[in-house]
Amino acid sequence: MLRIAFSVATAIEISTAFLYIFSPLIVFRGGVEGFYSLYTYNIVFLGEAVRSDVLNYTNSMALLATLIYTSLQVLAIATAFSRRFEYIELSFGAALASIPCYGILSGLTTVALRELSRIPTTSRVVTLAGTIVFPETQVFKGPTQTLATAFLIASAVKLTLMATVLYMQLKALRT
Amino acid sequence: MKLFTIALYTLLALVALVLLSRFLPIPLGVYTVVSGSMEPAIRVLDIAIAVGKDYRIGDVVVWCTTYWYCVMHRVVNISEGYIVTKGDANPVPDPPMPSSLVKARVVLVVPRELWLPPVVVLMGFVLYSYRKVFASVLTPALVPLAMYIAVMGAAIVLVAPQTGFSLEVPELYLSRAYVEDRGYTCIAVVEYLARGVELTGVTSLKVFNRSVVPLHVSGTGIAFALPEDVALLAVAKGLKLNISVEAMLTRGGLLKGLYQVVLAPPKPVVKAVNSSLIVENPSCYPVAFNITWMYAEAGEPWRYVSTYTVVKGGGALLKPPVNASYIYADVRYVWMGGEFFERLRVR
């Protein structure tokens, strides 16, 4: 029963992780149009498409981190049902990968936000030519923060369940 | 084995140097290239060694905005306190950066073919040599976690980007505003220096709050004919032309500018030749002349006739309105804020 609960919690956690990287982190409206998510981005700055190595990097790293993490979670679910203690240990180790995965996604979010903050959103510029007014840009935050919290909660539940499985397995071994 | 140890320690020292150079305020650094912005001169995965801050236009420098965010591009312009760099393969230069951000000048580039194979061999040898230690440390629980951290760590470090946006921020500056003297017509021209933006149309164009129609609107300039009465008033009073422009720009922009143009027309010349008065004003700015003709026959009193004429774009030959033995002309005109009077003997 515990193992099924662990599997369900892991599946929920994986879904949350994917929602985390697919959902927009920031949405721009106005002079700057578009969105950025950890999976992809499409930003147009005053009619010109924005290309950034840093944003490409955060996208590819986030996808890589999530894919490897997902494969490790699949491994965790697959080995969780084994009776052998080594496999349970392996399952626990794979389950632990959600902690660095969360750290990596948070770090990439910070890097992306720092890069995105370099996009000029000021609509009024004064030069020798006079006052130049461009369309104003409104910046909206996406649901990523909420999904990150959900991911953390799912990880905590999953790891608690896994730790319980491990403890019970140990107890069974001793008796 | 001794050679291996030396190689290993050299590698570790190099890694330490690479890491330390990021944090220490010294003009020295070892950087791995991860973007193709400097190709073909510097390729992805080449190692660049940067030393010293003595750089000129054409040198490749490394500038860092944070410890981790560094850009390795060629210097294309140096002005007071700022430098402009550009990747060889990039179509546009980077925005101007404070020169204090320059970490060092690239002095040596180690091609990837030279350093990658020995490092890979060395790493393989290290793993093989310490396989028993690794096996005892890596319990089954730690294997997946260690794998994940190792793979992600390597990916994050190796693929770390060194270039940011290739964003063309629109810039528009006033180049000059002047009046072109075309003899009979004064053409006022406002020219801009523009980057990433152009004028598409003029919504309002005024001279001294009087609307005028533009003759020509290009991407970087506006030209219009100066109304005659405005030119006459400006030259008479010695005023600067006040031009206000409201224009639409590409990329959804709107420009509101107010410019002043100093006028410097040549002074009119008045002279009497062959019983006629010649008024010369070669500029396009009209000047109004009030002429009082004084004439008399011998032994008769002086009589007076006043005439008014506006001259621009050349000269005017003025015949006396009456025929008499003695003719004088009192010419009065206002020019650049001053009143001028000349009395000439015409006959």
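Residues numbered from 1 in each chain as written. Chains lettered and ligands numbered in written order. Predicted model: local features only at pLDDT ≥ 70, side-chain atom pairs only at ≥ 80, totals over all residues.

Draft legend 1. Region of the structure containing the overall build of chain B. What chain B contains, in helices and strands, is five helices and 22 strands. The contacts in chain B between residues at least 6 apart in sequence include a share of 57% that link residues at least 24 apart. (Helix = DSSP H or I, 4+ residues; strand = E, 2+ residues; numbered from the N terminus. Contact = placed C-beta atoms within 7 Å.)

Draft legend 2. Fine view of the overall build of chain A. Secondary structure summary: chain A contains five helices and seven strands in total. Counting from the amino terminus, chain A carries its helices and strands in the arrangement α-β-β-β-β-α-α-α-β-β-β-α. Taken across its 175 residues, chain A has 42% of its residues classed as buried. A separation threshold of at least 6 residues defines the contact pool for chain A, and within that pool the share at least 24 residues apart is 68%. (Buried ≥ 20, exposed ≤ 12 C-beta atoms within 10 Å, placed from the backbone.)

Draft legend 3. Layout of the sheet that holds strand β8 (residues 171–182) of chain B. Residue and element names in this part refer to chain B. Here four strands make up an open sheet; going across it, the order is β8-β9-β13-β12 and the pairing antiparallel. The open sheet is flanked by β8 and β12 (214–218), the only strands paired with a single partner. Pairwise comparison of adjacent strand axes, ignoring direction, gives a mean angle of 10° for this sheet. (Pairing = 2+ DSSP bridges. Axes fitted to C-alpha atoms, helices over the stretch in contact; angles between N-to-C directions.)

Draft legend 4. Looking closely at the nonpolar core. Ranked by size, the top nonpolar core spans 95 residues in total, and within it Tyr-36, Ile-43, Ala-65, Leu-105 and Leu-108 of chain A together with Ala-188 of chain B carry the most contacts. It is helix α2 (residues 53–80) of chain A that contributes the most residues to this core, eleven residues altogether. Composition of this core by domain shows at least three residues from each of domain 2 (171–261) and domain 3 (269–345) of chain B. The residues touching Leu-105 of chain A, leaving out its near neighbours within four places in the chain, are Tyr-20, Ile-21, Leu-38, Ala-62 and Ala-65 of chain A. Formed by 18 residues, the second largest nonpolar core is a distinct cluster that contains Tyr-31, Val-60, Trp-63 and Val-71 of chain B. (Core = buried A, V, L, I, M, F, W, Y, C linked by C-beta atoms within 7 Å. Domains from an automatic or database assignment.)

Draft legend 5. Region of interest: the environment of Leu-173 of chain A. All names here are of chain A. Relative to the helices and strands, Leu-173 is located in helix α5 (residues 144–174). Since 9 C-beta atoms lie within 10 Å of it, Leu-173 is described here as exposed. Sequence separation of Leu-173 and Phe-85 is 88 residues, and the distance between their C-alpha atoms is 8.4 Å.

Draft legend 6. Summary view of the packing of α2 of chain A against helix α3 (residues 85–96) of chain A. Residue and element names in this part refer to chain A. Between α2 and α3, whose axes approach to 8 Å, the crossing angle comes to 155°. Overall, the two elements α2 and α3 adopt an arrangement that is roughly antiparallel. The two elements α2 and α3 meet at a crossing, and its hand is left-handed. Two secondary-structure elements touch here, α2 through Leu-72, Gln-73, Leu-75, Ala-76, Thr-79 and Ala-80 and α3 through Tyr-87, Leu-90, Ser-91, Ala-94 and Ala-95. (Parallel < 35°, antiparallel > 145°, perpendicular 65-115°, else oblique. Left-handed = near helix turned anticlockwise from the far one by under 90°.)

Draft legend 7. Layout of the interface of chain B and chain A. In this assembly, 37 residues from chain B lie in contact with 40 residues from chain A. Going through the elements one at a time, α4 (142–158), β8 and β15 (254–261) of chain B are the ones with two or more residues in the side of chain B that touches chain A. At ten residues, the largest contribution of residues to the side of chain B that touches chain A is made by α4 of chain B. Each residue belonging to the side of chain B that touches chain A can be placed in one class, and the counts come to 26 nonpolar, eight polar and three charged. (Nonpolar A, V, L, I, M, F, W, Y, C, P; charged D, E, K, R; others polar.)

Draft legend 8. Fine view of the packing of helix α4 (residues 98–116) of chain A against α5 of chain A. Residues and elements named next belong to chain A. Between α4 and α5, the shortest axis-to-axis distance is 10 Å and the interhelical angle comes to 165°. With respect to α5, the axis of α4 lies roughly antiparallel. Relative to α5, α4 is oriented so that their crossing is left-handed. Taken together, the residues of α5 that come into contact with α4 (itself represented by Ser-98, Ile-99, Tyr-102, Ser-106 and Thr-109) are Thr-144, Ala-148, Phe-151, Leu-152, Ser-155 and Lys-158. Among the residues forming the contact of α4 with α5, the class breakdown is five nonpolar, five polar and one charged.

Draft legend 9. Spatial organisation of the sheet that holds strand β2 (residues 32–37) of chain A. Taken together, five strands build an open sheet; the order of strands is β4-β3-β2-β1-β7 (chain A) and the sheet is antiparallel. Of all strands in the sheet, those bounded by a partner on one side alone are β4 (48–49) and β7 (137–141) of chain A.

Draft legend 10. Representation of the pairing of strand β1 (residues 24–30) of chain A. Residues and elements named next belong to chain A. With four bridges connecting them, β1 and β2 associate as antiparallel partners. Counted as the bridge partner of Val-27 is Phe-35 from β2. Hairpin remark: β1 followed by β2, antiparallel, with one residue in the connecting loop. With five bridges joining them, β1 and β7 adopt antiparallel strand pairing. In the strand pairing of β7, Arg-29 is matched with Gln-138.

Draft legend 11. Molecular detail of the pairing of strand β3 (residues 41–45) of chain A. All names here are of chain A. Across the two faces of β3 the burial differs, with Tyr-41, Ile-43 and Phe-45 buried and Asn-42 and Val-44 not buried at all. Summarising the sheet, β2 and β3 pair through five bridges and their orientation is antiparallel. Bridge pairing links Tyr-36 to Tyr-41 in β3. Between β2 and β3, which pair antiparallel one after the other, the connecting turn spans three residues. Pairing analysis gives two bridges linking β3 to β4, with the strands arranged antiparallel. Among the inter-strand pairings, Phe-45 is bridged to a residue of β4, identified as Glu-48. The turn joining β3 and β4, which pair antiparallel and follow one another in sequence, is formed by two residues; a positive phi near 50° is taken by Leu-46.

Draft legend 12. Broad picture of unusual backbone geometry. All names here are of chain B. Following Glu-39, the chain continues to Pro-40 via a peptide bond in cis, the omega torsion being 10°. When you line up the elements, Pro-40 lands in the loop between β1 (28–32) and β2 (47–51). Unlike most non-glycine residues, Asn-209 shows phi in positive territory, near 65°. Examined against the element boundaries, Asn-209 turns out to sit in the loop between β10 (199–207) and β11 (210–211). The phi dihedral of Asn-274 falls on the positive side, at around 50°, and the residue is not glycine. Topologically, Asn-274 is positioned in the loop between β16 (269–273) and β17 (276–281).

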